[in-house]
Amino acid sequence: MTRSDAQRNYERILAVARTVVEQDGTQASLRDVARRAGVGMGTLYRHFPSREALLEALLRQRFDGLAARAAALAEAHPPGEALTRWLEEFVQGAGRYRGLPESIMATLRDDESPLHASCLAMRRSAGALLEGAQRAGHIRADVTGVDLFALASAVGWIAEQAPGLTERREHLLALVLDGLAARP
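Note that this is a predicted model, so its numbers are computed, not measured. (Residues numbered from 1 in each chain as written. Predicted model: local features only at pLDDT ≥ 70, side-chain atom pairs only at ≥ 80, totals over all residues. Heavy atoms only, no water.)

Q: What's the story with the nonpolar core in this structure? I'm lost.
A: Nonpolar side chains tend to gather and get buried jointly when the protein is soluble and globular. In this structure, Leu 83, Trp 86, Leu 87, Phe 90 and Met 122 are the most contacted members of the largest nonpolar core, which totals 30 residues. Listed by contribution, the elements that provide at least two residues to this core are helix 4 (51-76), helix 5 (79-94), helix 7 (114-135), helix 8 (145-161) and helix 9 (169-180). The dominant element in this core, judged by the number of residues it contributes, is helix 7, at seven residues. When residues no more than four places from it in sequence are discounted, the contact partners of Phe 90 are Arg 62, Leu 66, Met 122, Phe 149, Ala 152 and Ser 153. Ranked by size, the runner-up nonpolar core spans 18 residues in total, among them Val 16, Val 21, Leu 44 and Leu 55. (Core = buried A, V, L, I, M, F, W, Y, C linked by side-chain atoms within 4.5 Å. Buried < 20%, exposed > 50% of the residue type's maximum accessible area, 1.4 Å probe, protein only. Helix = DSSP H or I, 4+ residues; strand = E, 2+ residues; numbered from the N terminus. Contact = heavy atoms within 4.5 Å.)

Q: How should I be thinking about the packing of helix 8 against helix 9 in this particular structure?
A: At their nearest, the axes of helix 8 and helix 9 sit 10 Å apart, and the two run at 160° to each other. With respect to their mutual orientation, helix 8 and helix 9 come out roughly antiparallel. Regarding helix 8 and helix 9, the two cross each other, and that crossing is right-handed. Together, Leu 148, Leu 151, Val 155, Ile 158 and Ala 159 of helix 8 and Arg 169, Leu 172, Leu 173, Val 176 and Leu 180 of helix 9 make up the contact between the two elements. Looking at side-chain class alone, the contact of helix 8 with helix 9 contains nine nonpolar, no polar and one charged residues. (Axes fitted to C-alpha atoms, helices over the stretch in contact; angles between N-to-C directions. Parallel < 35°, antiparallel > 145°, perpendicular 65-115°, else oblique. Left-handed = near helix turned anticlockwise from the far one by under 90°. Nonpolar A, V, L, I, M, F, W, Y, C, P; charged D, E, K, R; others polar.)

Q: Explain helix 2 (residues 30-37) to me, please; I cannot follow it from the model alone.
A: Along helix 2, the positions that sit buried rather than exposed are Leu 30, Asp 32, Val 33, Ala 34 and Ala 37. Looking at the buried residues of helix 2, the elements they touch are helix 1 (3-24), helix 3 (41-47) and helix 4. Measuring from the backbone nitrogen of Arg 31 back to the side-chain oxygen at the start of helix 2 gives 3.2 Å, which picks out Ser 29 as the cap. Backbone geometry just after helix 2 places Gly 38 at a positive phi near 75°. (Polar contact = N/O pair within 3.5 Å; in protein donor to acceptor, adjacent residues only side chain to side chain.)

Q: Would you take a moment to explain the pattern of salt bridges for this structure?
A: Any two side chains of opposite charge can pair if their charged atoms end up close together. A full pass over the atoms with the stated rule returns seven salt bridges. Of the charged contacts, one joins Arg 183 and Asp 178 as a salt bridge, the two residues approaching to 3.8 Å between their closest N and O atoms. In this structure Arg 183 comes out as exposed when scored by relative accessible area, which is 54%. On the accessibility criterion, Asp 178 (46% relative accessible area) is partly exposed. Look at the salt bridges and you will find they share partners, linking Asp 32, Arg 35 and Arg 36 into a network. (Salt bridge = Lys/Arg side-chain N within 4 Å of Asp/Glu carboxyl O.)

Right, dumping it as structure tokens:
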């Protein structure tokens, strides 16, 4: 197989895996991923030797995308709006990886992991949006990036844990943002 074919297979597997994991959680069938991607199990395992490797690639792609999105929003919108839009996108995707294994969470804490580096880049990009919104007077000065991620993650998590709250996700985020707003 040529290099371009291998790259197309890699990208197709990731695209299909994202959909399958969003539908079925992190314990989704790898056989189903391969079948839907139109590749054999050997091809899937050649690119992703384990379920954790596939999940890491999906998360790395998400983190890198969110980091790039933060930069694009910062260029296109005023600071408060850029942060709000980014948080809406972050919260919308926060529950996508139901059942994320502890092994993946451990790699986020491993300074040597590529997943850690992508997560850090995403957090720094969001931190820049937060700082811009604080300088513009939209967000309280005592709010840290850790506060922001904890609250936004909590909104995404609760919407995932209590499906009845999924339709209220935007409202919950609006309440969080109201609490973070700078007061005159």
